[in-house]
Amino acid sequence: MIQARVIGKVWSTRRVTSLPRGALLEVETDGGGKLIAYDPLGCDAGETVLVTQGSVAASYFQGDTVPVDALIIGSIDDKK
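What counts and how
Residues numbered from 1 in each chain as written. Predicted model: local features only at pLDDT ≥ 70, side-chain atom pairs only at ≥ 80, totals over all residues. Heavy atoms only, no water. Core = buried A, V, L, I, M, F, W, Y, C linked by side-chain atoms within 4.5 Å. Buried < 20%, exposed > 50% of the residue type's maximum accessible area, 1.4 Å probe, protein only. Helix = DSSP H or I, 4+ residues; strand = E, 2+ residues; numbered from the N terminus. Contact = heavy atoms within 4.5 Å. Pairing = 2+ DSSP bridges. Polar contact = N/O pair within 3.5 Å; in protein donor to acceptor, adjacent residues only side chain to side chain.

K.L.:
How would you summarise the nonpolar core if you had to cite specific residues and measurements?
P.N.:
Of all hydrophobic cores here, the largest spans 11 residues; its members are Ala 4, Val 6, Leu 25, Val 27, Leu 35, Ala 37, Cys 43, Val 49, Val 51, Ala 70 and Ile 72. Elements represented by at least two residues in this core include exactly β1 (2–10), β2 (23–29), β3 (34–39), β4 (48–53) and β5 (70–76). Once you skip the residues sitting within four places of it in the chain, Ala 70 turns out to touch Leu 35, Ile 36, Ala 37, Tyr 38, Val 51, Thr 52, Gln 53 and Ala 57. Formed by eight residues, the second largest nonpolar core is a distinct cluster that contains Leu 24, Ala 57, Val 68 and Leu 71.

K.L.:
Run through the pairing of β4, naming residues and quoting values.
P.N.:
A regular strand places its side chains on the two faces of the sheet in alternate fashion. With four bridges joining them, β1 and β4 adopt antiparallel strand pairing. By the bridge assignment, Ile 2 is partnered in β4 with Val 51. Note: β4 against β5, six bridges, orientation antiparallel. Among the inter-strand pairings, Val 49 is bridged to a residue of β5, identified as Ser 75.

K.L.:
Mind laying out the side chain of Asp 39, listing which residues take part and the relevant values?
P.N.:
Relative to the helices and strands, Asp 39 resides in strand β3. Separated by 2.9 Å, the side chain of Asp 39 and the backbone nitrogen of Leu 41 make a polar contact. Once residues lying within four places of it in the same chain are set aside, the contact partners of Asp 39 are Gly 22, Ala 23, Leu 25 and Ile 72.

Right, dumping it as structure tokens:
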């Protein structure tokens, strides 16, 4: 898993039909890298999130082959 901060939304007027409804968010990792992650949770800019990538992200969508390589799986409220 990767810890990242949501820095913005990606707006798209066209996308592949196999991509379910949901937000595409731009996130910045702790190391300074940026990536686009699919968000099924409804996260907002400034939130710290957990992102998973690869086959784990794609397998979240049961029964469908979905072109998702990065998936937000949690929102971090507090670290202790």
